[in-house]
Amino acid sequence: MMASTITIPGSPLSLWTTVRSVGTFNVACSFAALCALVKVLRALRWRLKTTQLQGPPRSSLVYGVANDLISSKDSAAMYEHWAMEYGAVYMIPTVLGQTRLVLCDPRALAHFYARETWTYVKTPFGLRLIEAMVGRGLLWSQGESHRRQRKALTPAFSSTSIRKLTSVFYDSAYKAKCAWDTIMESSKDGNAVIEVQNWMNHISLDTIGIAGFSHDFGSLNGKHASVTEVFDRFGNNSRASAVNQLVVMLGQAFPISAKYPTKRRGLIKNLNATMGEIFNDLLDRSRREKDANVNETEQEKSIIGLLIKAESQDAELHLSKEEAVAEMMVLLTAGYETTSISLTWALIRLSQHPDIQTRLREELLAFGADPTYDQLKVNLPYLDAVVHEILRLHPAIPEFNRLAIADDVIPLSEPVRAASGEMTDRISVAKGTLISISVGAINRSCALWGPDAKEFNPDRWLAEGGISGKAKEVQGHRHLLTFVDGPRTCLGKDFAVTEFKAVLSVLVKNFVFEMRDGPDTQIEFTRGLLPRPRVVGEDGIGVPLRVRRYE
């Protein structure tokens, strides 16, 4: 007697029987149709719940204006031009029919930043790129995870901590000065052509290594540590390939494209592995020192000390080992890239404007000895003006994108004209809306900063009554978005500005800088990890300046 097979409704066997009877192809078609229907319904909901605004027409059926932006030598100028034509909030067509909302209105920006990490989050594509580069640390995390990680690191960036680190900034600057003095001594006429961008890289790398992790990478002494070599490869691979550009453009529609094996992704993977190996070793060494009670009190206040403390299972703000390593990767990458880019731009601008360079040197020489942390903050107004004018004109991260994960209404400081022709002073934003912020466009906007917004003019920071015009409405450090604002305000802002001032003061007091090929030398953008300046015609990230001792 043969036992009969009983099929229980809802069981895997029942599902497989149904699939076989209907046919695999038909099931696949039905699934595809269902997915398409969901997308259509989402698009319809987005269109009904989002205020439709004016904006530029698409220049490409496939890419919208995305290819124009990514190929442009100055995308910030394009964003500003559109803001002048369509209003301070507008929409741009992007890849495969997608639309992005662009915010340039001060009140809209303040509203946006107040809700970042909760209502407005990083895009799936952006998260994949960040994770590949520096892991799931502070830069990757969002919401409660971001709050926890940020709070664990905050003590390392207090005024008290940075006051103690100021001597480290000066030590790195003087190492570069001594090396340059040696180069000058070997030249016949007392001056030399120095590729300053690489030197600024070395200053930044050694500084963050010692100040943050009690580790000397030794790049100012000519030591080629593995992490230094990996960073240098980014500069030598500065030309953006068509494949890389395509991956970036398609990323918002297909986040999985972040895993496409481009040459740049290979460099990022190598950087992640190299930093991970170094920082695991550093953490192990610091744990042993903590167990042996070596400088325990001081170590707990350092970045690496705080990370080890947060690894403890009973810590209020617990960090996993993977998070601790990721925090170190974030801090090294940010400390290396952003400060070195700002210092390089400062030397370029001062070389192009010898009158400003002379005035800055006179202030520094009149002050005398190297200023302390507190003196750098308040006693050198022209140095402060020069530094913030560089930060205004040349933000290290010129643009970023976010995704709305909840419906919202964004208020405006001035009405804009909607696509219907009606004026509106608030924008309804539906869940799923992509939002772009061009920091470069806002920092250099003529509507906000006046007709000389594109000019290098430190005196704007010294005007009686402070910054004038609508720029005062922009929230953020000194009315700039260079360090962003809200919950994601740059944690190392004070660290970066203090290092910038200390290093620049040493270099300008001791050397005179000129463009190697004259004041009309053309500068272009190239790529390291972030956009970098380069003298037109130079390889890699070359910025050769003619340098001589000041006597």
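Residues numbered from 1 in each chain as written. Predicted model: local features only at pLDDT ≥ 70, side-chain atom pairs only at ≥ 80, totals over all residues. Heavy atoms only, no water.

**Points about the nonpolar core**
Within the largest apolar cluster, 132 residues are counted, with the highest numbers of intra-cluster contacts made by Leu101, Leu103, Trp180, Phe279, Leu332, Ile437 and Leu504. When residues of this core are assigned to their parent elements, the largest contribution, 15 residues, is made by helix α15 (residues 321-352). Filtering out sequence-adjacent residues up to four positions away, Leu103 remains in contact with Ala88, Val89, Ala108, Leu109, Phe112, Ile410, Ile435, Ser436, Ile437 and Ile442. Counting 12 residues, the second largest nonpolar core, distinct from the first, contains Val65, Tyr79, Trp82 and Cys104. (Core = buried A, V, L, I, M, F, W, Y, C linked by side-chain atoms within 4.5 Å. Buried < 20%, exposed > 50% of the residue type's maximum accessible area, 1.4 Å probe, protein only. Helix = DSSP H or I, 4+ residues; strand = E, 2+ residues; numbered from the N terminus. Contact = heavy atoms within 4.5 Å.)

**Details of the pairing of strand β8 (residues 434-438)**
The element β8 is largely enclosed, with a buried count of 5 among its 5 residues. The alternating pattern of β8 places Leu434, Ser436 and Ser438 and Ile435 and Ile437 on opposite faces, both of which are buried. Of the strand pairs in this sheet, strand β5 (residues 399-404) and β8 are connected by 5 bridges, and their pairing is antiparallel. Bridged to Glu399 within β8 is Ser438. (Pairing = 2+ DSSP bridges.)

**Focus on the sheet that holds strand β4 (residues 191-195)**
On the basis of which strands lie adjacent, the open sheet formed by 3 strands has the order β4-β12-β9 and antiparallel pairing. Edge positions in the open sheet fall to β4 and β9 (511-515), since each of these has one partner strand only. Looking at each pair of strands side by side, their axes are set apart by 35° on average, direction ignored. Bridge analysis of β4 against strand β12 (residues 544-549) gives 5 bridges, and the strand direction is antiparallel. Within β12, the residue paired with Ala192 across the bridge is Val547. (Axes fitted to C-alpha atoms, helices over the stretch in contact; angles between N-to-C directions.)

**Considering the packing of helix α9 (residues 196-213) against α15**
Across the interface, α9 lies against α15 with an axial gap of 8 Å and an inter-helix angle of 145°. The hand of the α9/α15 crossing is right-handed. Taking contact as the criterion, the partners of Val196, Gln197, Met200, Asn201, Ser204, Leu205, Ile208 and Phe213 in α9 are, on α15, Met328, Leu331, Leu332, Gly335, Tyr336, Thr339, Ser340, Leu343, Thr344 and Leu347. In terms of residue class, the contact of α9 with α15 is made up of 11 nonpolar, 7 polar and no charged. (Left-handed = near helix turned anticlockwise from the far one by under 90°. Nonpolar A, V, L, I, M, F, W, Y, C, P; charged D, E, K, R; others polar.)

**Topic: the packing of aromatic side chains**
Counted under the stated rule, the structure contains 13 aromatic pairs. Taking 6.1 Å as the distance between ring centres and 70° as the angle between the ring planes, the aromatic pair formed by Trp180 and Phe513 counts as edge-to-face. Of this pair, Trp180 sits in helix α8 (residues 159-185) while Phe513 sits in strand β9, and the two are 333 residues apart along the sequence. Like Phe513, Trp180 is buried. Linked through ring pairs, Phe112, Tyr113, Tyr120 and Phe400 together constitute an aromatic cluster. (Phe/Tyr/Trp six-rings, centres within 6.5 Å; stacked < 30°, edge-to-face > 60°.)

**What to know about the pattern of salt bridges**
Inspection of every chain in the model, using the stated rule, returns 28 salt bridges. When the shortest N-O distance is used, the salt bridge between Glu116 and Arg402 registers 2.5 Å. You can see Glu116 sitting in the loop between α5 (106-114) and β3 (120-122) and its partner Arg402 sitting in strand β5, a full 286 residues away along the chain. By the burial criterion, Glu116 is buried, and Arg402 matches it. Here Lys470 makes a salt bridge to Glu473, at a shortest N to O gap of 3.2 Å. Since its relative accessible area comes to 23%, Lys470 is described here as partly exposed. Taken together, the shared-partner salt bridges in this structure form one network comprising Lys177, Asp181, Glu185 and Arg549. (Salt bridge = Lys/Arg side-chain N within 4 Å of Asp/Glu carboxyl O.)

**Focus: the environment of Ala471**
As for its position among the elements, Ala471 is in the loop between α20 (446-449) and α21 (493-510). Note: C-alpha distance between Ala471 and Leu448 (23 residues apart in sequence) is 4.6 Å. When neighbours within four sequence positions are excluded, Ala471 is seen to be in contact with Leu448, Trp449 and His479.

**Here we look at the side chain of Thr94**
Within the secondary structure layout, Thr94 lies in the loop between β1 (89-93) and β2 (99-103). Its relative accessible area of 4% is what places Thr94 among the buried residues. Discounting chain neighbours no more than four positions away, the residues touching Thr94 are Arg58, Val62, Tyr63, Gly64, Thr99 and Arg100.

**Re unusual backbone geometry**
The residue Ser214 is not glycine, and still its phi comes out positive at about 55°. Mapped onto the elements, Ser214 comes out in the loop between α9 and α10 (226-236). The phi torsion at Val484 lies on the positive side, around 50°, for a residue other than glycine. Relative to the elements of secondary structure, Val484 occurs in the loop between α20 and α21. The exposure class assigned to Val484 is buried, which follows from its relative accessible area of 18%.

**Remarks on helix α16 (residues 354-367)**
Taking 1.5 Å of rise per residue, the 14 residues of α16 would be expected to cover 20 Å, and the 20 Å separating its terminal C-alpha atoms lies within 8% of that figure. Among the residues of α16, those classed as buried are Ile356, Gln357, Leu360, Arg361, Glu363 and Leu364. On an axial view of α16, the arc spanned by its buried residues comes to 160°, and they lie on one face. Among the exposed residues of α16, those pointing more than 90 degrees away from its buried face are Asp355, Glu362 and Ala366. Structurally, α16 contributes buried residues whose contacts are with α15, α18 (381-393), α21 and β9. A positive phi of about 100° marks Gly368, the residue just after α16. (Expected span 1.5 Å × (residues − 1). Arc of directions from axis to C-beta.)

**Describing the sheet that holds β2**
Overall, mixed pairing links the 5 strands, which are arranged β1-β2-β8-β5-β3 in an open sheet. Pairing within the sheet leaves two strands with one partner each, and these edge strands are β1 and β3. Taken over all neighbouring pairs, the strand axes of this sheet differ in orientation by 40° on average, direction set aside. As defined by bridge partners, β3 adjoins β5 across 3 bridges and the pair is classed as antiparallel. Looking at the pairing, Tyr120 lines up with Ala404 of β5.

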